Amino acid sequence: MELRQLEYFIAVAEEANFTRAAERVRISQSGVSAQIRQLERELGAELFDRSSRIARLTPAGVAAIGPARSALAAVGAVGQAVDDVGGLVRGRLSIGMVIGCTITPLFAAIEKFRISYPGIEISVQEANSDQLADDVLGGDLDVAIVGTAGPVGDELRASVIVSEGLVALVPPGHHLADRGHIEVSDLAGEAIVAMPIGTGIRAVLDTACAAADFSPHVAIEASAPDAVLECSARGLGIGILSESMGSDHRGRVKVIPIVGVDIAAQLSAVWSTPTSPAVQAFIPLLSQAFDL
């Protein structure tokens with residue numbers, strides 16, 4: 001019994017016609033018929049009723065069709081397993097990270113991955129979150145760490161790494177500097193130093209302000225948290241960052257929690273499906289690094 005005989009048997013059963021089955025497997029009708037006859041001789045039973053133009057399965061054929069399909073599926077699984085191993089021996093893993101954000105656990109995960117799979121080339125690039133998500137969807141990146149405002153949608157698989165609120169970086173001497181917290185509405189009319197459109201923090205800020213019926217007056221856009229701090233410390237506006245980003249800057253500005261924000265600023269790992277063997281191996285390492 002040969003695999004091609006099982007393939008031809010399944011083709012005839014599904015097409016209910018020897019001619020169409022031959023076209024499907026791309027050999028002559030006589031070749032298909034000869035192989036089916038040989039299979040029937042080996043099994044000691046006819047698999048098809050040939051009394052009409054429609055090739056109907058006999059009771060023996062009905063009994064055989066399930067195991068035949070399982071056999072071909074098992075062979076396909078063997079090939080896929082070999083391909084998966086090969087994908088972790090050689091290949092490439094392209095990783096994106098949101099610009100201006102230091103994500104130390106990411107590099108810890110990359111280090112472990114590199115040790116385990118030294119044959120895979122790794123590339124890391126920065127962009128804003130919207131661009132990174134588009135690149136993952138388009139296949140230009142395998143996985144990315146992006147800033148989001150809530151769920152990323154159904155087109156990408158995601159694992160939330162960080163979820164936190166916003167803080168205001170208020171310059172010394174500002175009339176809001178003595179507050180214990182700031183309402184979103186307190187930002188109306190204030191000069192704001194914000195991350196660019198396309199970042200998760202900016203999306204949270206814009207959404208929160210829209211819910212409070214105003215648009216933020218973004219006087220300066222800065223792509224890196226340090227730049228937001230520098231501008232705020234020089235009195236150029238109130239900087240807006242996430243809690244963890246703002247905690248590093250308490251020496252030069254007053255870091256004040258912003259209340260009344262219904263959605264969190266999130267960092268998420270995103271990847272698409274079908275998932276490559278390299279990504280399947282990398283995601284657990286990433287989860288371990290971020291202690292998820």
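Our subject is the structure listed above.
Residues numbered from 1 in each chain as written. Predicted model: local features only at pLDDT ≥ 70, side-chain atom pairs only at ≥ 80, totals over all residues. Heavy atoms only, no water.

Q: Could you give an account of the sheet that holds strand 6 (residues 157–164), naming the residues involved and the relevant values?
A: With respect to topology, 5 strands assemble into an open sheet ordered 4-3-5-13-6, the strand pairing being mixed. Of all strands in the sheet, those with a lone pairing partner are strand 4 (120–127) and strand 6, marking the two edges. Geometrically, the sheet is characterised by an average inter-axis angle of 25° between neighbouring strands, direction not taken into account. Two strands pair when backbone bridges link them, and strand 3 (residues 91–98) and strand 4 are joined in this way by 8 bridges, in the parallel orientation. What sits directly across from Met97, in strand 4, is Glu126. (Pairing = 2+ DSSP bridges. Helix = DSSP H or I, 4+ residues; strand = E, 2+ residues; numbered from the N terminus. Axes fitted to C-alpha atoms, helices over the stretch in contact; angles between N-to-C directions.)

Q: Residue-level account of the packing of aromatic side chains, with values.
A: Scanning the model with the defined rule gives 4 aromatic pairs in all. Between the aromatic rings of Phe18 and Phe48, the centroid separation amounts to 5.7 Å while the plane-to-plane angle is 70°, which identifies the pairing as edge-to-face. Pair noted here: Phe18 is in helix 2 (residues 18–25) and Phe48 is in strand 1 (residues 48–49), with a separation of 30 residues, a long-range link. Owing to a relative accessible area of 12%, Phe18 belongs among the buried residues under this scheme. What makes Phe48 buried here is its relative accessible area of 0%. Where Phe113 meets Tyr117, the ring centres are 5.0 Å apart and the plane angle is 50°; that geometry is what we call tilted. Looking at Phe113, the relative accessible area reads 0%, which means it is buried. (Phe/Tyr/Trp six-rings, centres within 6.5 Å; stacked < 30°, edge-to-face > 60°. Buried < 20%, exposed > 50% of the residue type's maximum accessible area, 1.4 Å probe, protein only.)

Q: Kindly report on unusual backbone geometry, identifying the contributing residues and their values.
A: Glycine aside, residues mostly have negative phi, and peptide bonds are mostly found in the trans state. The phi dihedral of Ala16 falls on the positive side, at around 55°, and the residue is not glycine. In the Ramachandran plot, Asp213 falls in the positive-phi region, its phi being about 70° despite a non-glycine side chain. Topologically, Asp213 is positioned in the loop between helix 7 (200–211) and strand 10 (217–221). For Asp213, a relative accessible area of 74% translates into the label exposed.

Q: How would you sum up the pattern of salt bridges? Please name residues and give values.
A: Enumeration according to the criterion identifies 13 salt bridges in this entry. One salt bridge in this structure joins Arg37 and Glu46, with 3.9 Å as the shortest N-O distance. According to the relative accessible area criterion, Glu46 is partly exposed, its value standing at 48%. Residue Glu121 pairs with Arg92 through a salt bridge whose shortest N-O separation is 3.1 Å. Here Arg92 lies in strand 3 and Glu121 lies in strand 4, a separation of 29 residues in the sequence. (Salt bridge = Lys/Arg side-chain N within 4 Å of Asp/Glu carboxyl O.)

Q: Got a sec to walk through the environment of Thr148? Specific residues and values, please.
A: Tracing the backbone shows Thr148 in strand 5 (residues 143–149). According to the relative accessible area criterion, Thr148 is buried, its value standing at 9%. Between the alpha carbons of Thr148 and Ala203 there is a distance of 7.4 Å; along the sequence they are 55 residues apart. Not counting chain neighbours up to four residues away, the residues in contact with Thr148 comprise Gly200, Val204, Ala264, Ala265, Gln266 and Ser268. (Contact = heavy atoms within 4.5 Å.)

Q: Please give an account of the sheet that holds strand 11 (residues 238–242) that cites residues and values.
A: Across a sheet, paired strands are connected by hydrogen bonds in the backbone, their directions being either parallel or antiparallel. A sheet is described by the order of its strands in space; here 6 strands give the open sequence 8-12-7-11-9-10, paired in mixed fashion. Two strands bound the open sheet, and with one partner strand each, they are strand 8 (182–183) and strand 10. Where strand 7 (residues 166–170) meets strand 12 (residues 254–259), 4 bridges bridge the pair, whose relative direction is antiparallel. Note that in strand 12 the partner of Ala168 across the bridge is Ile256. Across the face of the sheet, helix 7 comes into contact with strand 7, strand 9 (191–194), strand 10 and strand 11 while running at roughly 115° to strand 11. Sheet strands in contact with helix 8 (residues 225–233) are strand 7, strand 9, strand 10 and strand 11, and its direction is about 155° off that of strand 11.

Note that all results are geometric; they support no functional claim without further evidence.
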